[in-house]
Amino acid sequence: MHGMTGIDKGEEMLNRRTYFIREHVGFMKLSDTYDILDPETHEQLGIAQERPGTLVHLLRLVLDKRTLPTNVYVYQGGNAEDESKLVFSLRRGITLFRSRVDIHDHKGIMVGWLKNKAFSLGGAFRVMNALGDEIAVLKGDWKGWNFRFLDKAEKEIGTVSKKWAGLGKELFTTADNYIIALSQEPTPEKAILLLAAGLAVDTVYKEK
């Protein structure tokens, strides 16, 4: 399985428990780019870039972006143009009510998917592996910007939040900057799914 995932492409980025996600600020931008940083040293671990396509860019001017397809590509390091550094990607098709997001490794092989839960209040979606097994449920709300990863026993295994004891408040006052924190260091395969889910809170599912 080692050669079939993004592990060998992103071991340094995936071999950790906390990530500081910092949005690139831009006026009237229709797609997003995020730096993935070490929250303590601010070392750049990776970069995530949304690429919805030209037609979708135009449709976003008149339609809700949550109903439109999009792609988010995650690279190790700071260069989103270096395809040799691709670790994984998120892909969503056109959706109306329930949105499924497929997660692919650097070779284009699907390693899991995300699916929002029907009739859930606030934000909630399931994190599945390639076999269809539920790895976690991510629950929370955009108003308070606090989300929790829960396993099947409802035990918390991670959080997505704008609050973290190791960073000053000033880092969270502009744009969409937040922390993805995992309770334990996961396997690289699981790290891809949880990191993808944490990024999807803002890049795919956010209510705006």
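Model, not experiment: these values are computed from the prediction.

*Asks:* Can you break down the overall build of the protein chain residue by residue, with the values?
*Replies:* Scanning the protein chain from terminus to terminus reveals 3 helices and 12 strands. Within the protein chain, buried positions represent 49% of all 208 residues. Long-range pairs, those at least 24 residues apart, make up 43% of the contacts in the protein chain between residues at least 6 apart in sequence. Surface accessibility of the protein chain: about 10,300 Å² in total, with carbon and sulfur atoms responsible for 54%.

*Asks:* I'd like to hear about the side chain of D102, residue by residue, with values.
*Replies:* Along the chain, the position of D102 falls in strand β6 (residues 100-105). A polar contact is formed between the side chain of D102 and the side chain of R100, at a distance of 2.7 Å. In this structure, D102 is in contact with S89, L90, R91, M110, G112 and W113, ignoring residues within four places of it in sequence.

*Asks:* Please set out the nonpolar core residue by residue, giving values where relevant.
*Replies:* Grouped together as the largest cluster of nonpolar side chains are 42 residues, with contacts concentrated most on F88 and F149. It is helix α3 (residues 188-203) that contributes the most residues to this core, 10 residues altogether. Residues I47, Y73, A80 and L86 belong to the second largest nonpolar core, which totals 5 residues.

*Asks:* Go over the environment of A197, please, and point to the residues and values.
*Replies:* Within the fold, A197 resides in helix α3. Residues A197 and A136, 61 residues apart in the sequence, show an inter-C-alpha distance of 9.6 Å.

*Asks:* Any chance you could break down the pattern of salt bridges for me, citing the residues and the numbers?
*Replies:* Under the criterion given, the structure shown has 6 salt bridges. Note that R22 is salt-bridged to D35, the shortest N-O span being 3.2 Å. With R22 in strand β1 (residues 18-23) and D35 in strand β2 (residues 33-37), the pair connects residues that are 13 residues apart, well separated along the chain. According to the relative accessible area criterion, R22 is partly exposed, its value standing at 32%. Judged by relative accessible area, D35 falls into the buried class, the value being 8%. Of the charged contacts in the structure, one is a salt bridge between R100 and D102, with a shortest N-O distance of 2.7 Å. Residue class for R100 comes out partly exposed when judged on its relative accessible area of 33%.

*Asks:* Tell me about the environment of H42, residues and numbers included.
*Replies:* Relative to the assigned elements, H42 resides in the loop between β2 and β3 (44-50). Taking relative accessible area as the criterion, H42 reaches 34% and is therefore assigned partly exposed. When the C-alpha positions of H42 and F20 are compared, they lie 7.9 Å apart, and in sequence the two are 22 residues distant.

*Asks:* A description of unusual backbone geometry should follow, citing residues and the corresponding values.
*Replies:* Positive phi values are uncommon outside glycine, yet H42 reaches one of about 65 degrees. Unusually for a residue other than glycine, E154 sits at a positive phi of about 65 degrees. Examined against the element boundaries, E154 turns out to sit in the loop between β10 (146-150) and β11 (156-161).

*Asks:* For the side chain of E50, give the residues involved together with the corresponding values.
*Replies:* Following the sequence through the fold, E50 ends up in strand β3. Looking at E50, its side chain comes within polar contact range of the side chain of T70, at 2.7 Å.

*Asks:* Can you break down α3 residue by residue, with the values?
*Replies:* With 16 residues, α3 should cover 22 Å at 1.5 Å per step; its first-to-last C-alpha distance of 22 Å lies within 8% of that length. In terms of burial, α3 is a largely internal element, 13 of the 16 residues being buried.

*Asks:* For the packing of aromatic side chains, give the residues involved together with the corresponding values.
*Replies:* Per the counting criterion, the structure on display carries 0 aromatic pairs. Directly above the ring of W113 sits R100, whose terminal nitrogen or CZ lies 4.1 Å from the centroid.

*Asks:* Describe in detail the pairing of β3, supporting the description with residues and values.
*Replies:* Most of β3 is tucked away: 6 of the 7 residues are buried. In this antiparallel pair of consecutive strands, β2 and β3, the connection spans 6 residues, and H42 shows a positive phi of 65 degrees. In this sheet, strand β4 (residues 70-76) lies alongside β3 in antiparallel orientation, the contact comprising 5 bridges. By the bridge assignment for β4, Q49 is matched with Y73.

Quick notes on the rules
Residues numbered from 1 in each chain as written. Predicted model: local features only at pLDDT ≥ 70, side-chain atom pairs only at ≥ 80, totals over all residues. Heavy atoms only, no water. Helix = DSSP H or I, 4+ residues; strand = E, 2+ residues; numbered from the N terminus. Buried < 20%, exposed > 50% of the residue type's maximum accessible area, 1.4 Å probe, protein only. Contact = heavy atoms within 4.5 Å. Areas by Shrake-Rupley, 256 points an atom, 1.4 Å probe, with all protein chains shown as cover. Polar contact = N/O pair within 3.5 Å; in protein donor to acceptor, adjacent residues only side chain to side chain. Core = buried A, V, L, I, M, F, W, Y, C linked by side-chain atoms within 4.5 Å. Salt bridge = Lys/Arg side-chain N within 4 Å of Asp/Glu carboxyl O. Expected span 1.5 Å × (residues − 1). Phe/Tyr/Trp six-rings, centres within 6.5 Å; stacked < 30°, edge-to-face > 60°. Lys NZ or Arg CZ within 6 Å of the ring centre and 35° of its normal. Pairing = 2+ DSSP bridges.

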